[in-house]
Amino acid sequence: MNAMPKMMNGLDMDAAMATIAAIKADASLGKFQFRAKNKWINGGVNRSTIMDFYGAGQEDTSRQTAFEFTNGEPPVLLGNNEGANPVEFLLHALAGCVTTTFVLHAMARGIQISELSTDLEGDLDVQGLLGLNDAVSPGYEQIRIKMQVKADCSEAELNDLLAFTQQHSPVCNTVCRPVPVEIKIA
């Protein structure tokens, strides 16, 4: 009988099983709070920093330096390509979360992935952003995700994993359902 591999798809299976067991034993360990700070620079340019978060029952101290992301706009939207714009970052976040969720649950199912890439497209009409047409939503009208996957399983298993991923990816779930967002002046 073959022993289960220690690593699958770049993930430590023992650590994953230990984390799952700990959260099953104490559901409060599953509560996380992620944070971001943003500062306007000029025009359409602003910068976000991400460093600290709360998770697994404590403040995380693993990061010594903040991650920094510059939000910009292309010239057609009055910017100078200082960085990706926020709706492009949303596609990046969605792609990253769907990919990570897919890989994590593939590991849990014993599916070895040899290749995985994702293409995303989002349709947006800026008439909504500019307040030119109240019938036009300021957000994405539709987002399409196409995943190219090579794995050691059947097409039916891949389709089942993909459906599970769509339901359990935190960013995909957040985008696909209304989420209360509170915006106020501090």
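Residues numbered from 1 in each chain as written. Predicted model: local features only at pLDDT ≥ 70, side-chain atom pairs only at ≥ 80, totals over all residues. Heavy atoms only, no water.

1. Side note on the nonpolar core
Then comes step 1: Among the nonpolar cores identified, the biggest contains 12 residues, and these are Leu94, Val98, Phe102, Val103, Ala106, Ile111, Ile113, Met147, Cys153, Leu158, Leu161 and Cys172.
Then comes step 2: By residue number, the principal contributor to this core is helix H2 (residues 86–108), which donates 5 residues.
Then comes step 3: If near-sequence neighbours (up to four positions away) are discounted, Val103 is found in contact with Asn9, Leu11, Ile113 and Leu116. (Core = buried A, V, L, I, M, F, W, Y, C linked by side-chain atoms within 4.5 Å. Buried < 20%, exposed > 50% of the residue type's maximum accessible area, 1.4 Å probe, protein only. Helix = DSSP H or I, 4+ residues; strand = E, 2+ residues; numbered from the N terminus. Contact = heavy atoms within 4.5 Å.)

2. A closer look at the sheet that holds strand E6 (residues 53–55)
Then comes step 1: Sheet architecture is open: 3 strands sit in the order E3-E6-E7, paired in antiparallel fashion. At either margin of the open sheet sits one strand with a lone partner, and together these are strand E3 (33–34) and strand E7 (58–59).
Then comes step 2: The sheet contact formed by E6 and E7 spans 2 bridges and is antiparallel. Its bridge partner lying in E7, Tyr54 is registered against Glu59. (Pairing = 2+ DSSP bridges.)

3. A look at the pattern of salt bridges
Then comes step 1: Following the criterion strictly, the structure yields 9 salt bridges and no others.
Then comes step 2: Among the salt bridges present, the one from Arg35 reaches Asp52, with a minimum N-O distance of 3.1 Å. Separated by 17 residues along the polypeptide, Arg35 in the loop between E3 and strand E4 (37–42) and Asp52 in the loop between strand E5 (45–50) and E6 bring together distant segments of the chain.
Then comes step 3: Judged by relative accessible area, Arg35 falls into the partly exposed class, the value being 25%.
Then comes step 4: Taking the relative accessible area as the measure of exposure, Asp52 reaches 33% and is therefore partly exposed.
Then comes step 5: Look at the salt bridges and you will find they share partners, linking Arg35, Asp52 and Glu59 into a network. (Salt bridge = Lys/Arg side-chain N within 4 Å of Asp/Glu carboxyl O.)

4. Section: the packing of aromatic side chains
Then comes step 1: What the rule picks out here adds up to 4 aromatic pairs.
Then comes step 2: Summarising the aromatic geometry, the rings of Phe32 and Phe34 are spaced 5.7 Å apart at their centres and angled 20° between planes, so their arrangement reads as stacked.
Then comes step 3: Residue classification places Phe32 among the partly exposed positions, given a relative accessible area of 41%.
Then comes step 4: Residue Phe34 is classed as exposed on the basis of its relative accessible area, which comes to 61%.
Then comes step 5: The rings of Phe32, Phe34 and Phe53 are connected pair by pair, giving a single aromatic cluster.
Then comes step 6: Positioned above the aromatic ring of Phe164 is the side chain of Arg109, whose terminal nitrogen or guanidinium carbon lies 5.0 Å from the ring centre. (Phe/Tyr/Trp six-rings, centres within 6.5 Å; stacked < 30°, edge-to-face > 60°. Lys NZ or Arg CZ within 6 Å of the ring centre and 35° of its normal.)

5. A closer look at helix H1 (residues 13–25)
Then comes step 1: Between its terminal C-alpha atoms H1 stretches 18 Å, which fits the 18 Å expected from 13 residues at 1.5 Å a residue.
Then comes step 2: At the N-terminal boundary of H1, the capping side chain belongs to Asp12, with an oxygen 2.9 Å from the backbone nitrogen of Asp14. (Expected span 1.5 Å × (residues − 1). Polar contact = N/O pair within 3.5 Å; in protein donor to acceptor, adjacent residues only side chain to side chain.)

6. Section: a nonpolar patch on the surface
Then comes step 1: A surface patch of nonpolar side chains, about 600 Å² in accessible area, is lined by Val76, Leu77, Val126, Leu129, Leu130 and Leu132.
Then comes step 2: Leu129 gets classed as exposed once you look at its relative accessible area, which sits at 59%. (Patch = residues over 30% accessible without salt bridge, like charges linked within 9 Å, V, L, I, M, F, W, Y side chains within 5 Å. Areas by Shrake-Rupley, 256 points an atom, 1.4 Å probe, with all protein chains shown as cover.)

7. Examining the state of the cysteines
Then comes step 1: By the definition in use, this model includes 0 disulfides.
Then comes step 2: Sulfur of Cys172: no disulfide; nearest cysteine sulfur belongs to Cys176 and is 3.9 Å away.
Then comes step 3: By relative accessible area, which is 56% here, Cys176 ends up exposed. (Disulfide = S-S within 2.5 Å.)

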